[in-house]
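A closer look at the structure
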Amino acid sequence: MSSPTTERANTPEVIRPDLDTFGFSEWKRTAIVGFVLGGSVTGNVLRHGLRPSKRKRAVADGVVNGFETLGPMFVKLGQLIASSPGAFPRDLADACLRCLDDMQPFPSADARAIIEADLGKPISELFLEFDDEPLSAASIAQVHACVLRDGRPAVVKVQRPEIGRRMIVDLRAAMRLARTLEKRSENARVANTQAVVRDLYEATVAELNFLIEADNQSRARENLAAFGDNTNVAIPEVYWDYTAPRVLCMERMRGMPLDRFDDIRESHPDSELLIRRLVKAWMESVAVHGLFHGDVHAGNLWLLDDGRVAMLDFGIVGRMETEWREFVRALFYASAIDNDFRPVARALRKLDLVSDDSGDDATIGRQLAVALGPVLSGSLDKLDLGVVSARLLEFGKRRGASGPQQLILMGKQLGYFERYAVALAPGWKLGRDLFLFRNIFPTEVAEKLAETATRIPAD
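Residues numbered from 1 in each chain as written. Predicted model: local features only at pLDDT ≥ 70, side-chain atom pairs only at ≥ 80, totals over all residues. Heavy atoms only, no water.

**As for the overall build of the protein chain**
What counts is decided by this rule: Here a helix means four or more residues in a row that DSSP labels H or I, a strand means two or more in a row labelled E, and each is numbered from the N terminus. Working definition: with a 1.4 Å probe on protein chains only, accessible area under 20% of the residue-type maximum means buried, over 50% means exposed, and in between means partly exposed. The criterion used for residue contact is that any of the two residues' heavy atoms lie within 4.5 Å. Only the protein chains shown count as cover for residues, and all accessible areas are computed by the Shrake-Rupley method using a 1.4 Å probe.
In terms of helices and strands, the protein chain carries 18 helices and 11 strands. Burial analysis of the protein chain (459 residues in total) assigns 52% to the buried set. Within the protein chain, contacts between residues separated by at least 24 positions form 66% of all contacts whose residues are at least 6 apart in sequence. Element-wise, carbon and sulfur atoms account for 50% of the exposed surface of the protein chain, whose accessible area totals about 21,100 Å².

In structure tokens:
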């Protein structure tokens, strides 16, 4: 058999089932969801939370117990909450960290049947070897090791049976519950529960078609190679001959998750450089290419056995449009190059986050420098892009503008990087590290390096 095709097809369209459709299946599921969550919370409070000091934690644990009982969509909701601790009560966000663990796998016979149905050939004709024991199992899919007919080791990601239909029904039920909660609960209104469900819907409809994920991954891999100096960062190659809407096959990579901090420090000679390389590549994806990894928890970032760091799983990505890229570049140019926030103010005007009567660019620039300068120039353990996002959101709200959602997604990912850097690169100052910006501001970085006689890594 010839080598697997790596050229991607045309970008697939996202199929968007109506979120507001509500029939018998949705009514039935709503009743089940309400019964399970209510029973789980009540039971956990009675067992562990009768004392006021323990009640909030007991409620949170009960909610997560209910999520796990209700299955993949609610586990995914828990993952969303866990990755956005600033937007939800701390007890709930902490309890939802459980949702980041592997789920129970589904039978390998089902995985084989889905692969054969989508690729149109028996497993024996597709692969030299196929391991029935999955390497991992998540809310939407599980991953099996395999060997292609040409001898290349690979992994194949297989969607859970009937997961698409089940998750859409669950989302419709969740939306109905969210509307009810917002009518009855001030906390639900403050948390904007309907918006949480809509965000989950947007992420889910894209994730349910693996051709979209494969396209995102292939584009990200091409972008990674654009400057020729990200050779120590890897994204697996997609094998398109073995990829379909419910099946995604790619190059196999071996290593360990980035949160195994002791093992990382022991096996890599310069853990700070490891983080700098990773964040450099990711920052370029945000500020130059626009397509960036939107779920960089440790399970999706690995230190490989060959010393490279890998970004895995492109089911969730962000897309930074041109004007947002201009804003991000202006923000970090001010931080790393000249401390002039007037271009940041101009970028905010283009985004309609500043009204014409809010003062001139110099005035707004000074306000931004006071609000954001200390955050951006500090070490990464103080660089909370969630704080940056919140301050910009407040800045925009005072002027009647909507929230910077793309920046908030970016900030969530930098929150993950913050955790890794605190452990592996303490004291490192992201906003001042010229290495990160040498492909974003090549001329200015070169001039500043010459002025200061500073040296940065070659790659």
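On we go from here.
**Here's the deal with the nonpolar core**
Let me state the cut-off plainly: In these notes, a set of buried Ala, Val, Leu, Ile, Met, Phe, Trp, Tyr and Cys residues joined through side-chain atoms within 4.5 Å is what counts as a nonpolar core.
Residues L258, W282, F327, M410, F417, Y420 and F437 are the most contacted members of the largest nonpolar core, which totals 60 residues. Ignoring sequence-local partners within four residues, the contact set of L258 consists of I264, L274, I275, L278, A298, L301, W302, L303, V309, Y420 and L424. By size, the runner-up hydrophobic cluster in this structure holds 48 residues, among which are F67, V75, A141 and M167.

**Focus on helix α5 (residues 108-119)**
The condition is simple: Expected span of a helix, by definition, is 1.5 Å for each gap between consecutive residues, and there is one gap fewer than residues. Working definition: the arc comes from the directions between the helix axis and the C-beta atoms, pointing outward to the latter.
In this model, α5 (12 residues) spans 16 Å end to end at C-alpha, consistent with the 16 Å of a helix rising 1.5 Å per residue. Listed as buried for α5 are A111, I114, I115 and L119. Buried positions in α5, seen along its axis, are confined to an arc of 105° and lie on one side of it. Away from its buried face by more than 90 degrees, α5 exposes A109 and A117. In the core, the buried residues of α5 are packed alongside α6 (123-126), β1 (127-130), β3 (141-148), β4 (153-159) and β6 (247-251). Trailing α5 by a residue or two, G120 shows a phi angle of about 75°, which is positive.

**So, the confidence of the model for the protein chain**
Formally: The pLDDT score gives, residue by residue, the confidence of the prediction method on a 0 to 100 scale.
On average, residues of the protein chain score 84 in pLDDT, and 84% of them reach the 70 mark or higher. Mean pLDDT across the elements of the protein chain ranges from a minimum in helix α16 (residues 385-397), with 52, to a maximum in strand β5 (residues 233-234), with 98. Scored below 50 in pLDDT, residues 396-403 makes 11 contacts in the model with residues more than four places away or belonging to other chains.

**Here's the deal with the environment of P257**
Tracing the backbone through its elements, the reader meets P257 in strand β7 (residues 255-257). On the basis of relative accessibility, which here comes to 22%, the residue P257 falls in the partly exposed class. Between the C-alpha atom of P257 and that of N300, which follows or precedes it by 43 residues, the distance is 7.3 Å. The residues touching P257, leaving out its near neighbours within four places in the chain, are I264, A298, L301 and W302.

**Section: the environment of H144**
Put simply, the test is: Nitrogen and oxygen atoms within 3.5 Å of one another constitute a polar contact, given that in protein one can donate a hydrogen and the other can accept it, and given that sequence-neighbouring residues count only through two side-chain atoms.
For H144, the position within the fold is in strand β3. For H144, a relative accessible area of 0% puts it in the buried group. For the pair H144 and C249, spaced 105 residues apart in sequence, the C-alpha to C-alpha distance is 9.5 Å. Among all residues touching H144, those that are not within four sequence positions of it are S108, A111, F130, D131, D132, E133, P134, L135, A154, V155, V156 and V158. A polar side-chain atom of H144 sits 2.8 Å from the main-chain carbonyl oxygen of D131.

**Re the packing of helix α13 (residues 322-338) against helix α14 (residues 342-350)**
As a reminder of what qualifies: Helix axes use the C-alpha atoms of the stretch in contact, all axes being lines fitted to C-alpha atoms, and the angles between their N-to-C directions lie in the range 0 to 180 degrees. For classification purposes, angles smaller than 35 degrees are called roughly parallel, those larger than 145 roughly antiparallel, those between 65 and 115 roughly perpendicular, and all remaining angles oblique. Should the near helix be turned counterclockwise from the far one by less than a right angle, the crossing is left-handed, whereas a clockwise turn marks it as right-handed. As a working rule, the residues Ala, Val, Leu, Ile, Met, Phe, Trp, Tyr, Cys and Pro are called nonpolar, Asp, Glu, Lys and Arg charged, and the rest polar, with Gly in that last group.
Packing of α13 against α14 leaves a shortest axis separation of 8 Å and a crossing angle of 165°. Here α13 is positioned roughly antiparallel relative to α14, judged by the angle of their axes. Where α13 crosses over α14, the two elements pack in a sense that is left-handed. On the side of α13, the interface is formed by E323, E326, F327, A330, L331 and A334, while α14 contributes P343, V344, A347, L348 and K350. Of the residues in the contact of α13 with α14, the class split is 8 nonpolar, no polar and 3 charged.

**Some remarks on α13**
For an α-helix, the turn length of 3.6 residues means that residues three or four places apart are oriented alike. This is how it is decided: To get the bend at any residue, fit one axis to the seven residues that end at it and another to the seven that begin at it, then take the angle between the two axes.
Helix length check: α13 (17 residues) gives 22 Å between terminal C-alpha atoms against 24 Å at 1.5 Å per residue, within 8%. At F332, α13 shows its largest bend, some 25°. Among the residues making up α13, those that are buried are W324, R325, F327, V328, A330, L331, F332, A334, S335, A336 and I337. Among the residues trailing α13, N339 stands out with phi positive, at a value near 60°.

**Thoughts on the pattern of salt bridges**
What counts is decided by this rule: The salt bridge criterion pairs a side-chain nitrogen of Lys or Arg with a carboxyl oxygen of Asp or Glu, the two atoms within 4 Å.
For the structure shown, the criterion picks out 27 salt bridges. Where R172 meets E26, a salt bridge forms, and the shortest distance between an N and an O atom there is 3.1 Å. Taken together, the residues R172 in helix α7 (residues 163-184) and E26 in helix α1 (residues 24-48) connect sequence positions 146 residues apart. As far as the burial class goes, R172 and E26 line up, both buried. Of the charged contacts in the structure, one is a salt bridge between R438 and D229, with a shortest N-O distance of 3.0 Å. One end of the pair, R438, is in the loop between α17 (405-424) and α18 (442-452); the other, D229, is in the loop between α10 (210-224) and β5, with 209 residues separating them in the sequence. You can call R438 buried: its relative accessible area is 15%. Look at the salt bridges and you will find they share partners, linking R57, D61, E68 and R98 into a network.

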